[in-house]
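# Structural description and commentary
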Amino acid sequence: MGFAQDPPQLAHPYRDDRVLHAMLERALPPARRGALDPDLQALGDYAQAAWQRAGRTTRRKPVLTQWDAWGNRVDRIELTEAWQEGPRIATAHAVLASGHEAGEHARLEEFARVYLYHVASEFYTCPLAMTDGAATALKASGNRMLMERALPRLLSRDAATFWLSGQWMTENAGGSDVGRTETAARQDAAGQWRLYGRKWFSSAVVGEAALGLARPEGAGPGTGALALFYVETMDGARRRPELVIDRLKDKLGTHELPTAEIHLHGLPAWPLGELANGVRQVAPMLNVTRTWNAVCAVASMARAISLARDYATRRSAFGRPLVELPLHAHTLADMQAEFEGAFALAFEVAHLLGRVEQGDAAAHEAALLRLLTPLAKLWTGKLAVKLCSEALECFGGAGYIEDTGLPQLLRDAQVYAIWEGTTNVLSLDSLRALAGDGLAALRTASEGWLEGGDDAAASDTIRQALDAAARWLDRHGAARDMLEAGARGLAFTLARCAAAALLARQATWAGARGDRRPAAALRRFVGHGLDRLVSPAADDTALLLG
Ligand code: MFK
């Protein structure tokens, strides 16, 4: 037998994740931490076992069978092993339901579970996110009939009664521009609303319910005229005949996730509230799914870095393990620092969401949450692609070989910058938040996070970048085209400032306990720069595209 390479081993995703442990130690009261621990241990065990079995799995894509042998339309989807286990794992460990319990930490505890479950779930977390979003939007609607009907299912802790919910927004015409939605809602003779149209991306197609946008008959064009409806997709064990699955999408990544194109031929539907302003009504769902997106992006980064770090101890080159090569070690440390910043921001959004929902938030925190949600989503989405790409490179050629399981990390990561809104859509959404009290709230919060810190240089850099962002907004705020053209640079700057200030808070907490690693992450993160502001010249843009 000649030369063989030692494959990377996955460290325990919970026990060996010091960043997760430190955040939970800092943020949770000891009793809640103790109560959460068994679920996190179990989800970490599940994730490690899933990585070990992944190499043996042969079928990595769901299969749609549209017709049975006798000509009946069946639209049956065979799922991968992880997806078949999804309802049991998600309910047994209250991955979703825990976020709807009492207490300001409920969401934080939910997202700690999501973080550990996500990669192993093979994106079963995608429909879970939408189910969580649907439960949140239903609660916000105050529609008692629908809440009583759906919430016990969506928040169930028993796989036998659990329902998944989809989010039916995207259409051929209305992608990011949801106002172009063509699906129509019409009342039948009995007064029952029914949906007619085509939804172009449905990732919870195996679900039992969905929230969908549609234009009520006779309503005008545009976003404001859309209404939000609740639907159920099953009639007992059979999919309702008014819902037809046209095909499963052939995607770059997330292969295990059965994303479908569907047609609605009069599917019964119930409005959540008024028959207009459906986007406003679906916004609580979007903000929850965008938080899932950020936490899942961070989970992918953690997985990629964990494998790359392990490999660096096994693989030798130029006479030394990779981890002893100065440039390789430096590259890994850069990745770790960026990951820790992204982790801090994503979990701050999770904690804030819980505080705001439970009425425990300080005066500025609702505006802060409104701003940090799109910032966390857009920045972690891009960073996941960058770090997963870098991690693949840490394996050399092996990172490019399918049956190492590594390329999948990069393909899957690309979805975070697209799913639930592209980077540009989210940058524009952050402008909505900045039109309110978003920036003032971020500055107030940052001062709190920097309090007691001993890295004066980092604090100065953060304050200077926030000042620069405020000046940029003053300069460009009145010129809408300039504001939009520079919105991405502004959003990245604010996301990095928030992440740096949160790293400073973690460094102060850890430093008092003798752990200097978060302070090192802060120094390195700030060293990569915070200011990403641009002032694009409109005439140059036109020239370059001409
Ligand atoms: C995981 C794997 C997945 C597998 C593959 C999937 C690939 C991707 C498939 C997908 O399609 S994912 C879905 C992607 N689509 C989106 O996320 C929608 C993107 N578009 C937006 O987010 C737009 O910003 C939005 C449609 C929400 C609104 O744009 P508009 O049409 O210009 O509406 P407008 O008038 O600005 O906002 C309507 C109202 O909603 C306003 O309130 P008012 O009526 O009170 O004035 C807004 O303030 C409010 N609003 C909008 N976004 C909000 C919000 N409120 C709170 N939070 C928000 N985020």
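The model shown is predicted, which means the values in this text are computed figures rather than measured ones.

### Here's the deal with unusual backbone geometry
The backbone of Glu 122 shows a phi angle near 60°, a positive value even though the residue is not glycine. Here Glu 122 is to be found in the loop between helix H4 (106–121) and helix H5 (125–141). Even without a glycine there, the phi angle at Phe 123 is positive, about 70°. Tracing the chain through its elements places Phe 123 in the loop between H4 and H5. Classification of Phe 123 as buried rests on a relative accessible area of 6%.

### Comments concerning the side chain of Thr 131
Inspection of the secondary structure assignment puts Thr 131 in helix H5. In this structure, Thr 131 is in contact with Leu 96, Leu 154, Phe 162, Trp 163, Leu 164 and Ser 165, ignoring residues within four places of it in sequence.

### Side note on helix H16 (residues 517–527)
Along H16, the residues that are buried comprise Pro 518, Ala 521, Leu 522, Phe 525 and Val 526. Buried positions in H16, seen along its axis, are confined to an arc of 120° and lie on one side of it. In this structure, H16 carries Arg 523 and Gly 527 as exposed residues pointing more than 90 degrees from its buried face. At its buried positions, H16 is contacted by helix H8 (326–357), helix H9 (365–393), helix H13 (456–476) and helix H15 (487–511).

### What to know about the site of the ligand
Contacts to the ligand come from 25 residues, most closely from Thr 170, Thr 223, Arg 280, Arg 290 and Arg 432. At 2.9 Å, a side-chain N or O of Arg 280 approaches an oxygen atom of the ligand. Within the side chain of Arg 432, a nitrogen or oxygen atom sits 2.9 Å from an oxygen atom of the ligand. For the ligand, the accessible surface in isolation is 1200 Å², of which the surrounding protein chains cover 77%. Among the secondary structure elements, those contributing two or more residues to the shell around the ligand are helix H7 (278–314) and helix H11 (423–435). Of the residues forming the shell around the ligand, the biggest block, six residues, is contributed by H7. Looking at the shell around the ligand residue by residue, the class counts come to twelve nonpolar, seven polar and six charged.

### A look at the pairing of strand E7 (residues 227–232)
For E7, a buried count of six out of six residues is recorded, marking the element as mostly surrounded by other parts of the structure. Side chains Ala 227, Phe 229 and Val 231 of E7 all project onto a buried face; the interleaved residues Leu 228, Tyr 230 and Glu 232 project onto the opposite face, where all are buried too. Here strand E6 (residues 209–216) runs beside E7; their pairing, made up of six bridges, is antiparallel. Within E7, the position partnered with Ala 209 by the bridge is Glu 232.

### Concerning the nonpolar core
Ranked by internal contacts, the top residues of the largest apolar core, which has 173 residues, are Tyr 115, Leu 128, Phe 339, Leu 372 and Trp 379. No other element matches the 19 residues that H7 contributes to this core. When residues of this core are assigned to domains, at least three fall in each of domain 1 (165–278) and domain 2 (435–541). Setting aside anything within four residues of it in sequence, one finds Trp 379 in contact with Glu 338, Gly 341, Ala 342, Leu 345, Phe 492, Ala 495, Arg 496, Ala 499 and Phe 525.

### Quick notes on H13
The terminal C-alpha atoms of H13, which comprises 21 residues, lie 30 Å apart, in line with the 30 Å expected from a rise of 1.5 Å per residue. Taken residue by residue, H13 has Ala 458, Ser 459, Ile 462, Ala 465, Leu 466, Ala 468, Ala 469, Ala 470, Trp 472, Leu 473 and His 476 as its buried positions. Here the buried face of H13 lies against H11, helix H12 (438–450), helix H14 (480–485), H15 and H16.

### Quick look at the packing of H8 against H15
Between H8 and H15, the shortest axis-to-axis distance is 8 Å and the interhelical angle comes to 90°. In terms of orientation, H8 lies roughly perpendicular with respect to H15. For the pair formed by H8 and H15, the contact residues are Ala 337, Glu 338, Glu 340, Gly 341, Ala 344, Leu 345 and Glu 348 on the first element and Ala 495, Arg 496, Ala 498, Ala 499, Leu 502, Leu 503 and Arg 505 on the second. For the contact of H8 with H15, the per-class residue count stands at eight nonpolar, one polar and five charged.

### Describing the pattern of salt bridges
Counted according to the given criterion, the structure contains 39 salt bridges. Here Glu 340 ties to Arg 18 by a salt bridge, and the two come within 2.9 Å at their closest N and O atoms. Linking Glu 340 in helix H8 with Arg 18 in helix H1 (residues 18–27), this pair joins segments that are 322 residues apart in sequence. In this structure, Asp 429 and Arg 370 form a salt bridge, with 2.7 Å as the shortest nitrogen-oxygen distance. Placement of the pair is Asp 429 in helix H11 and Arg 370 in helix H9, with a sequence separation of 59 residues. By relative accessible area, Asp 429 is classed as buried at 4%.

### As for the environment of Pro 30
Mapping Pro 30 onto the fold places it in helix H2 (residues 30–54). In this structure the C-alpha to C-alpha distance between Pro 30 and Ala 209, which are 179 residues apart in sequence, comes to 37 Å.

Calculation rules
Residues numbered from 1 in each chain as written. Predicted model: local features only at pLDDT ≥ 70, side-chain atom pairs only at ≥ 80, totals over all residues. Heavy atoms only, no water. Helix = DSSP H or I, 4+ residues; strand = E, 2+ residues; numbered from the N terminus. Buried < 20%, exposed > 50% of the residue type's maximum accessible area, 1.4 Å probe, protein only. Contact = heavy atoms within 4.5 Å. Arc of directions from axis to C-beta. Near = heavy atom within 4 Å. Polar contact = N/O pair within 3.5 Å; in protein donor to acceptor, adjacent residues only side chain to side chain. Areas by Shrake-Rupley, 256 points an atom, 1.4 Å probe, with all protein chains shown as cover. Nonpolar A, V, L, I, M, F, W, Y, C, P; charged D, E, K, R; others polar. Pairing = 2+ DSSP bridges. Core = buried A, V, L, I, M, F, W, Y, C linked by side-chain atoms within 4.5 Å. Domains from an automatic or database assignment. Expected span 1.5 Å × (residues − 1). Axes fitted to C-alpha atoms, helices over the stretch in contact; angles between N-to-C directions. Parallel < 35°, antiparallel > 145°, perpendicular 65-115°, else oblique. Salt bridge = Lys/Arg side-chain N within 4 Å of Asp/Glu carboxyl O.

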